[in-house]
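Okay, here's what each chain looks like letter by letter:
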Amino acid sequence: MDLRIFTEPQQGATYDTLLTVAKATEDLGFDAFFRSDHYLRMGGADGLPGPTDAWITLAGLARETKGIRLGTLMTAGTFRLPGVLAIQVAQVDRMSGGRVELGLGAGWFEEEHKAYGIPFPKEKFARLEEQLAIVTGLWATEVGKTFDFHGTYYDLTDSPALPKPAQRKVPVLIGGHGATRTPRLAARYADEFNIPFASVEDSERQFGRVRSAAQEVGRAADDLTYSNALVVCVGKDDQEVARRAAAIGRAVDELKANGLAGSPAEVVDRIGRYAEIGSSRIYLQILDLHDLDHLELISAEVQSQLS
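Residues numbered from 1 in each chain as written. Predicted model: local features only at pLDDT ≥ 70, side-chain atom pairs only at ≥ 80, totals over all residues. Heavy atoms only, no water.

1. Description of the nonpolar core
- Ranked by size, the top nonpolar core spans 77 residues in total, and within it Trp 55, Leu 102, Trp 139, Leu 284 and Val 302 carry the most contacts.
- It is helix 5 (residues 124–140) that contributes the most residues to this core, eight residues altogether.
- Apart from the residues lying within four places of it in its own chain, the contact partners of Trp 139 are Ala 86, Val 89, Ala 90, Leu 102, Pro 163, Lys 164, Pro 165, Val 170 and Val 172.
- Judged by nonpolar contacts, the second largest core, of seven residues, contains Phe 6, Ala 32, Phe 34 and Leu 173. (Core = buried A, V, L, I, M, F, W, Y, C linked by side-chain atoms within 4.5 Å. Buried < 20%, exposed > 50% of the residue type's maximum accessible area, 1.4 Å probe, protein only. Helix = DSSP H or I, 4+ residues; strand = E, 2+ residues; numbered from the N terminus. Contact = heavy atoms within 4.5 Å.)

So this is what it looks like as structure tokens:
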């Protein structure tokens, strides 16, 4: 089971804070550092000092880390033109020496679009399908050849399809709860399917849908990696769990019901239930980015039992 650290910087984080967490992620032996792609806080957080751009952040981290994978859960398709996104991701992949992964979603948070003047189209999912075709098509085009795409929303003619990523193929993550279109899209384009904040039972059903969709297009179901993203709150004892839950404005019982919370043994057991239904990677949503002791505890008492 791979454990990856997943951050939500729109809730309030500077680049320096993210760098500190990313370096701790690397030093403590976690597999990857991922971040969300949002420009506006959610809930009661103050969001100070303001948002950081996902791909600018990852570009900086690419030069300041050495081994961890870097990526997004999920880049919003509404934020970037697909040709520009392909260039950005390829460049950051080069800057990292081939450690980047692209999680790409349709975009959903209308308020942040209004706040920063970003168009919020009605046909987001159909646009996402074209975006995936364009990004992966640009990367797959042989050097010296050109790429063309003529769709409903995007039109590319004689693109040199440059630059190329350092990796032969940048892993693409697709995720979500949709019962029909999402599994179909994952079966066609994804290297990994991720379901965020879902129960074991809901995860199992969704993984099953993706597996079936993969087989329908002639792809082996096990060709994809299946993963979960879950909030995490671990403590050596009940008091420490309660303190960490209070720090992120959540109740312990709610965290235990909907995420990974409790003692290291409880969390290891909970992760084991996800492993049983086919999940091989967990993105640990870390909401208090200043509590590095939390990461150290997870590394020492949870990750060590799963490796």
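2. Focus: the packing of aromatic side chains
- Applying the stated criterion across every chain, the model contains six aromatic pairs.
- Summarising the aromatic geometry, the rings of Phe 34 and Tyr 283 are spaced 5.0 Å apart at their centres and angled 70 degrees between planes, so their arrangement reads as edge-to-face. Of this pair, Phe 34 sits in strand 2 (residues 32–35) while Tyr 283 is found in strand 12 (residues 281–286), placing the two residues 249 residues apart along the sequence.
- Residue classification places Phe 34 among the buried positions, given a relative accessible area of 0%.
- Accessibility expressed as a relative area gives 0% for Tyr 283, which makes it buried.
- Here the aromatic rings of Phe 193 and Phe 207 are separated by 6.4 Å at their centres, their planes lie at 85 degrees, and the arrangement is edge-to-face. Here Phe 193 is found in strand 9 (residues 192–196), whereas its partner Phe 207 is found in helix 7 (residues 200–216), with 14 residues between them in sequence.
- The buried category is assigned to Phe 207, whose relative accessible area is 2%.
- Clustering of aromatic rings is evident, with ring pairs tying together Tyr 39, Phe 79 and Tyr 116. (Phe/Tyr/Trp six-rings, centres within 6.5 Å; stacked < 30°, edge-to-face > 60°.)

3. Some words on the packing of helix 3 (residues 82–96) against helix 5
- Relative orientation of the contacting elements helix 3 and helix 5 amounts to 45 degrees, with a least axis distance of 9 Å. Classed by the angle they form, the pair helix 3 and helix 5 counts as oblique. The interaxial crossing formed by helix 3 with helix 5 has right-handed handedness. Of helix 5, the residues touching helix 3 (which contributes Pro 82, Gly 83, Leu 85, Ala 86, Val 89 and Ala 90) are Gln 131, Ile 134, Val 135, Leu 138 and Trp 139.
- Grouping the constituent residues of the contact of helix 3 with helix 5 by class yields nine nonpolar, two polar and no charged. (Axes fitted to C-alpha atoms, helices over the stretch in contact; angles between N-to-C directions. Parallel < 35°, antiparallel > 145°, perpendicular 65-115°, else oblique. Left-handed = near helix turned anticlockwise from the far one by under 90°. Nonpolar A, V, L, I, M, F, W, Y, C, P; charged D, E, K, R; others polar.)

These results come straight from atomic positions and should not be treated as a statement about function.
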